[in-house]
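Report on the structure
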Amino acid sequence: ICMLNAFTGILGGLTVFSYMGYTAKALGLPDVSALPLTGIDLAFIAYPAALTLLPFSSFWAVLFFLMLIFLGLDTQFAFVECISGTLEDEKLLIAGVQLKPIVQRILICSTVIAGGFPLLTDVSLHLLKLYDTFSMDAPLTGVVTIEIFIYSMDYSLERLANDIKAKTDQIVPRFIIFLLDKVSLPLYTILFLVALYSLIFHDTVGLPIWAAFLGWSLTLIPFGVILSLIHI
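These numbers were taken from a predicted model, which means no experiment stands behind them. (Residues numbered from 1 in each chain as written. Predicted model: local features only at pLDDT ≥ 70, side-chain atom pairs only at ≥ 80, totals over all residues. Heavy atoms only, no water.)

So, about the overall build of the protein. When you go through the protein residue by residue, the secondary structure sums to nine helices and zero strands. Listing each helix as α and each strand as β along the protein from the N terminus yields α-α-α-α-α-α-α-α-α. Dimensions along the principal axes, computed over C-alpha positions, put the protein at roughly 60 × 45 × 40 Å. Here the protein holds 232 residues, and 20% of them are scored as buried. Restricting the contact set of the protein to residue pairs at least 6 apart, pairs at least 24 apart contribute 58%. Accessible surface computed for the protein: about 16700 Å², of which carbon and sulfur atoms make up 73%. Here the protein contributes 10 positively and 17 negatively charged side chains, and the mean placements of these two sets differ by 8 Å. (Helix = DSSP H or I, 4+ residues; strand = E, 2+ residues; numbered from the N terminus. Buried < 20%, exposed > 50% of the residue type's maximum accessible area, 1.4 Å probe, protein only. Contact = heavy atoms within 4.5 Å. Areas by Shrake-Rupley, 256 points an atom, 1.4 Å probe, with all protein chains shown as cover. Lys, Arg positive; Asp, Glu negative; His and termini not counted. Charge placed at Lys NZ, Arg CZ, Asp CG, Glu CD.)

The next thing to look at is the pattern of salt bridges. For the coordinates displayed, the defined rule picks out one salt bridge. When the shortest N-O distance is used, the salt bridge between E81 and R105 registers 3.1 Å. Note that E81 is positioned in helix α3 (residues 57-90) and R105 in helix α4 (residues 101-116), a separation of 24 residues in sequence. (Salt bridge = Lys/Arg side-chain N within 4 Å of Asp/Glu carboxyl O.)

What follows deals with helix α7 (residues 157-168). Working note: α-helix, 3.6 residues per turn, so residues spaced by three or four point in the same direction. Over its 12 residues, α7 extends 16 Å from the first C-alpha to the last, a length consistent with the 16 Å expected when each residue adds 1.5 Å. A positive backbone phi angle near 60 degrees is found at D169, which sits one or two residues after α7. (Expected span 1.5 Å × (residues − 1).)

So, about the packing of aromatic side chains. Within this structure, the stated rule accounts for four aromatic pairs. The interplanar angle of 75 degrees and the centroid separation of 5.0 Å between the aromatic rings of F64 and F65 together place this pair among those described as edge-to-face. What makes F65 partly exposed here is its relative accessible area of 38%. (Phe/Tyr/Trp six-rings, centres within 6.5 Å; stacked < 30°, edge-to-face > 60°.)

Here T141 shows up in helix α6 (residues 137-155). A distance of 2.6 Å separates a polar side-chain atom of T141 from the backbone oxygen of D137. With residues up to four places along the chain from it excluded, the contact list for T141 reads Y188, L191, F192 and A195. (Polar contact = N/O pair within 3.5 Å; in protein donor to acceptor, adjacent residues only side chain to side chain.)

Next comes the structure, spelled out in structure tokens:
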């Protein structure tokens, strides 16, 4: 799955930027950077436009947007199960009552649906770009860095490997333990610092105060959840 994910990303990048190079040359622009397409515009504008140049373009366009729908559904399954599993493991009480798993999932899905309503408005594209900018690189790399640090310092990766073997009867290769122990933590720390630097000195510059406040709230939410779980 990891190999397919990486290959798909490389293939998608080659497809999109090849088309952008073709478009830049057709319009007489000096290079690709002159095209006003960045971020999510690549997926929702450049890629569909590239499909129109293929034979049976309507067929490929239908497949492309079906792929986006299935990717979104697949992500939501993992998203809901992750939150619900955490709530079940921590045995959190609401008004002194522990909710049943099905009730937890209903509340999680309802909250996600309510949070998606602003994306149905006229400013949906701007909000989507804001979410994409502030809730991806820095929070994800930061959370992964914290996870690796906790496993390597408190739980120990050797113990993790032994637990995986006891639960699944599969041996974790030594080089995986080496990568997690010696390579992953400094690598993700550097990636987190680079993402944080870009967020502070590039992405936040020029934003209205309300947009910067909303964006940084999205960035800090995962770290607030971690702190609350540690406190519990």
